[in-house]
Amino acid sequence: MSAIEAEKRAAAEAAAALVDNGMLVGLGTGSTVAYLLPALAERRLDVRCIATSPQTEEAARAIGLPLEPFDSVDRLDLTIDGADQVDPSGWLVKGGGAAHTREKVVAAASDRFVVIVSSDKLVEAIAPPVPLELLPFGIPATLRALAFAQLRDVPPSPDGGVIADYLGPVEDPAELADRLAAIPGVVEHGLFAPLLVSDILVAREGSVERIEP
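Computed from a prediction, not measured in an experiment: that's the story for all the values here.

Draft legend 1. A look at the overall build of the chain. Counting its regular elements, the chain contains 6 helices and 13 strands. For a compact globule of 213 residues, the expected C-alpha radius of gyration is about 17 Å, and the chain comes in at 17 Å, within 12% of that figure. Reported as C-alpha extents along the three principal axes, the dimensions of the chain are approximately 50 × 40 × 30 Å. Every one of the 213 residues in the chain was classed for burial, and the buried ones make up 46%.

Next up, the structure:
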């Protein structure tokens, strides 16, 4: 196992230790969450889980984690997910796996949103690409309004959205988040604000550091 993979596993195991009996837990998507699922299953807790993607749902079911549909609940105790970038102020970029819309909805519905990352995900400043999910209707017009965007050659999201990436400058994540959200046709973007994040667990050189945005 590479050093980065070891860090991913360490961060995931630290987050799994935060889960208590009786919790309703949101399960994110991605390579770091892949280590979370077995770590959580090994604890054999009485929990209920909500998956943010078909990939996570399939992997969780395969190891016996109890899942239920998100339309059966309106809040979660805890959601654990990874990130593609984390800047010093706590802004995140998510969506490398094209699940950022569902991930953001689940995170926003959670009392606590914990982000787990390896040390290579820490950045001095947010940089492109920023993932996007777009409404299929009027794609050329939406791309024109975005100016700096490119469709990604991947299947649609589970909800039928078209996946793209914003490739323009990111001078101020908050300003860009507002601008992207205001463009008709943009279903969701991959910028997650620090206010959404409760804790960031960063694994580095054999230890896990907790950062509070």
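Draft legend 2. Examining helix α5 (residues 139–146) more closely. Taken together, the buried positions of α5 are Ile139, Thr142 and Leu146. Projection of α5 onto a plane perpendicular to its axis shows the buried side chains occupying an angular sector of 65°, all on one side. Those residues of α5 that are exposed and angled more than 90 degrees off the buried face are Pro140, Ala141 and Arg144. Elements in contact with the buried residues of α5: β7 (130–134), β8 (149–151), β9 (162–166), α6 (173–181) and β10 (186–189). Directly beyond the C-terminal end of α5, a positive phi value near 70° is found at Ala147.

Draft legend 3. Inspection of the sheet that holds β10 at higher detail. Across the sheet, which stays open at both edges, the 4 strands sit in the order β8-β9-β7-β10 with antiparallel pairing between neighbours. Each edge of the open sheet carries a strand with a single partner, namely β8 and β10. Averaged over all adjacent pairs, the angle separating strand axes in this sheet is 30°, with direction ignored. Of the pairings in the sheet, the one linking β7 to β9 comprises 5 bridges and is antiparallel in character. Directly across from Val130, in β9, lies its bridge partner Tyr166. Lying on the sheet, helix α4 (residues 100–108) is in contact with β7 and β10; it crosses β10 at an angle near 70°. Lying on the sheet, α6 is in contact with β7, β9 and β10; it crosses β10 at an angle near 160°.

Draft legend 4. Quick peek at helix α1 (residues 3–16). Taking 1.5 Å per residue, 14 residues should reach 20 Å; α1 reaches 20 Å between its end C-alpha atoms and fits that length. Contacts made by the buried residues of α1 are with α2 (33–42), β3 (76–81), β6 (110–118), β12 (199–204) and β13 (207–211).

Draft legend 5. Expanded view of a nonpolar patch on the surface. Residues Leu135, Phe137 and Val187 make up a contiguous nonpolar surface patch of roughly 320 Å² in combined accessible area. Along the chain, Phe137 falls in the loop between β7 and α5.

Draft legend 6. Representation of the sheet that holds strand β11 (residues 191–192) in the model. Spatially, β4-β5-β11 is the arrangement adopted by the 3 strands of the open sheet, whose pairing is antiparallel. Sheet topology places β4 (85–86) and β11 at the edges, where each strand pairs with a single neighbour. Judged from the 2 bridges that link them, strand β5 (residues 92–93) and β11 form a sheet pairing that is antiparallel. Bridging across to β11, Leu92 finds its partner in Phe192.

Draft legend 7. The side chain of Glu103, seen in detail. Along the polypeptide, Glu103 turns up in helix α4. Glu103 sits in the buried class, given a relative accessible area of 4%. If we skip the residues at most four places from it in the chain, Glu103 touches Gly28, Thr29, Thr52, Asp81, Lys94, Gly95 and Phe192.

Draft legend 8. Local environment of the packing of α1 against α2. Here α1 crosses α2 at 40°, and the two axes come no closer than 8 Å. By the criterion of interaxial angle, the relationship of α1 to α2 is oblique. The interaxial crossing formed by α1 with α2 has right-handed handedness. Contacts between α1 and α2 involve Glu5, Lys8, Arg9, Ala12, Glu13, Ala15 and Ala16 from the former and Tyr35, Leu36, Ala39 and Leu40 from the latter. For the contact of α1 with α2, a count of residues per class yields 7 nonpolar, no polar and 4 charged.

Rules of the game
- Residues numbered from 1 in each chain as written.
- Predicted model: local features only at pLDDT ≥ 70, side-chain atom pairs only at ≥ 80, totals over all residues.
- Heavy atoms only, no water.
- Helix = DSSP H or I, 4+ residues; strand = E, 2+ residues; numbered from the N terminus.
- Rg over C-alpha atoms; globule rule 2.2 N^0.38 Å.
- Buried < 20%, exposed > 50% of the residue type's maximum accessible area, 1.4 Å probe, protein only.
- Arc of directions from axis to C-beta.
- Contact = heavy atoms within 4.5 Å.
- Pairing = 2+ DSSP bridges.
- Axes fitted to C-alpha atoms, helices over the stretch in contact; angles between N-to-C directions.
- Expected span 1.5 Å × (residues − 1).
- Patch = residues over 30% accessible without salt bridge, like charges linked within 9 Å, V, L, I, M, F, W, Y side chains within 5 Å.
- Areas by Shrake-Rupley, 256 points an atom, 1.4 Å probe, with all protein chains shown as cover.
- Salt bridge = Lys/Arg side-chain N within 4 Å of Asp/Glu carboxyl O.
- Parallel < 35°, antiparallel > 145°, perpendicular 65-115°, else oblique.
- Left-handed = near helix turned anticlockwise from the far one by under 90°.
- Nonpolar A, V, L, I, M, F, W, Y, C, P; charged D, E, K, R; others polar.

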